[in-house]
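Residues per chain, in single letters:
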Amino acid sequence: MTALYYTLGVLIFVVAILASIGLHEFGHLIPAKKFGGKVTQWFVGFGPTVFSRRIGETEYGVKGIPLGGYVKIVGMLPPGQGEETVVDEDGQTRVRQSNTGMFTQLISDARAAEWEHVRPEDSDRLFYKFRWWQKVVVMAGGPMVNIAIAFFLFWGVFATVGQVVDAEPEPVVAEVVPCIVPADEDGRACTAEELRDNPSPAAAAGLEPGDRFVSFNGTAVTDWDQVQQAIRDNGDRTATMVVERDGEQVELQATTQVQPRPLDAESPEELTPVGFLGVMPVATPVYETGGPVYTLQQMGGMAVDTLQALASLPMKVWDVAQAIVGLEERDPNGPVSVVGGGRLAGEVASHETFPLQDKVVSLVMLVAGFNFFIGMFNFIPLLPLDGGHIAGALWEAVRRGFARLRGRPDPGYVDVARLLPVAYVVGAAMLVMGVVLIVGDLVVPLSLV
């Protein structure tokens, strides 16, 4: 049954991401058609065609490698200087090339491939002839769809279940620290010598996970703050504790030790000698709910975090590459590919201790997070991303505006084809990073447990 739930979780995630990709492409297609453009293809996936159907002048379909999607809008690249368009015998418009040199030839080849799809009757429907704001709407439509999907999914969760904003500790033992380690090494595994020679007072006293504190040195305790303060004030003396275990009260003796520990969460480097027992409390999550305004506020914070993550993405991918070859441990908070997202979705769906509500919420938040990241990523102002075309359209508006103000001739359309060498470099970098993350998710996958 666990394998079935795992497979179901993966399928739900994959279908949701493919649907998001398809809607992203509709975000480009619909405004392009609305402005009179010609869209010849809408596909989810790359590589060989699995299925397609032509409706009107547009072919809709699915390809074999489900790692993205695209729409083909005719006339993305204008003819360049030194090149002219000609109509051949079969009625197709072609670019006659006259440029030489590696980069200029590369650009000319791209223009030639673009203009093979242009026919004489398409002259007034070419994308590069759109007004600048129409280009912005068309290219921003895709990532905005992803951000809208994320908004509605986040809103659905925040308005119903809410999100965890804090954790309220209870006077119940969640974990017994087996040995005493320095504060700056907190969380590391105990060595065999430490377990033998320096066990924690809690371990030596026989405290167990699930024990609920009833009293400490004869004083009744009802919350974790009371227990924590009593432990700290006990210093290195022997304390008498009463805990409730399996419905019965058990009396235990523990000699706490004085250890330097951080008392202020905002200044973890400041250590104060206090009594130390060695237990972690059970923490009950505190939820906060909200509507659309609350959701937008939360997404604003997410946007800042995403921009910071994008700035450090190459270095984080490099860390994944090092983890693949065993040079370091993989960062549990590092980036994952769609493959990694699918694995996490499968683990969420098959986790035996997760209630159904938690599973549903986790899957929805995972899909929402991927959509939000995809939307933000596509706004990066570099070709071949949507943001590169948006930047070109905005520059066109600025350039033409300055020309009008100065009474100069219209400088014409911005030739984004000149940035194709940059686009190829960026595209190659994206491909390499994608492959590294996919291999990392297969070789050193992140896990919930």
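Residues numbered from 1 in each chain as written. Predicted model: local features only at pLDDT ≥ 70, side-chain atom pairs only at ≥ 80, totals over all residues. Heavy atoms only, no water.

(A) Quick look at the packing of aromatic side chains. Scanning all chains against the criterion turns up 16 aromatic pairs. Taking 5.6 Å as the distance between ring centres and 45 degrees as the angle between the ring planes, the aromatic pair formed by Phe151 and Trp155 counts as tilted. Separated by four residues within a single helix, Phe151 and Trp155 lie in helix α3 (residues 132-160), roughly one turn from each other. When its relative accessible area of 29% is taken as the criterion, Trp155 is described as partly exposed. With a centroid separation of 6.0 Å and an interplanar angle of 20 degrees, the aromatic rings of Phe373 and Phe377 are classed as stacked. Separated by four residues within a single helix, Phe373 and Phe377 lie in helix α10 (residues 356-378), roughly one turn from each other. By relative accessible area, Phe377 is classed as buried at 17%. Put simply, the rings of Phe35, Phe127, Phe130 and Trp133 pair up and form one aromatic cluster. One residue, Lys63, lies across the ring of Phe43, its end atom 4.4 Å from the ring centre. (Phe/Tyr/Trp six-rings, centres within 6.5 Å; stacked < 30°, edge-to-face > 60°. Helix = DSSP H or I, 4+ residues; strand = E, 2+ residues; numbered from the N terminus. Buried < 20%, exposed > 50% of the residue type's maximum accessible area, 1.4 Å probe, protein only. Lys NZ or Arg CZ within 6 Å of the ring centre and 35° of its normal.)

(B) View of the packing of helix α9 (residues 338-350) against helix α12 (residues 420-443). Taken N-terminus to C-terminus, the directions of α9 and α12 make an angle of 30 degrees; their axes are 7 Å apart at the nearest point. For the pair formed by α9 and α12, the contact residues are Val339, Gly340 and Arg343 on the first element and Ile438, Asp441 and Leu442 on the second. Classifying every residue of the contact of α9 with α12 by side-chain character gives three nonpolar, one polar and two charged. (Axes fitted to C-alpha atoms, helices over the stretch in contact; angles between N-to-C directions. Contact = heavy atoms within 4.5 Å. Nonpolar A, V, L, I, M, F, W, Y, C, P; charged D, E, K, R; others polar.)

(C) Just unusual backbone geometry, in detail. The peptide bond linking Leu383 to Pro384 adopts the cis configuration, its omega dihedral lying at 10 degrees. Considering the arrangement of structural elements, one finds Pro384 in the loop between α10 and α11 (386-405). Of note in the backbone geometry, Asn217 takes a positive phi value of approximately 55 degrees without being a glycine. Position of Asn217 among the secondary structure elements: in the loop between β6 (212-216) and β7 (219-220). The partly exposed category is assigned to Asn217, whose relative accessible area is 39%. Of note in this structure, Asp246 is not a glycine but carries a positive phi near 55 degrees.

What is shown is where atoms sit, not what they do.
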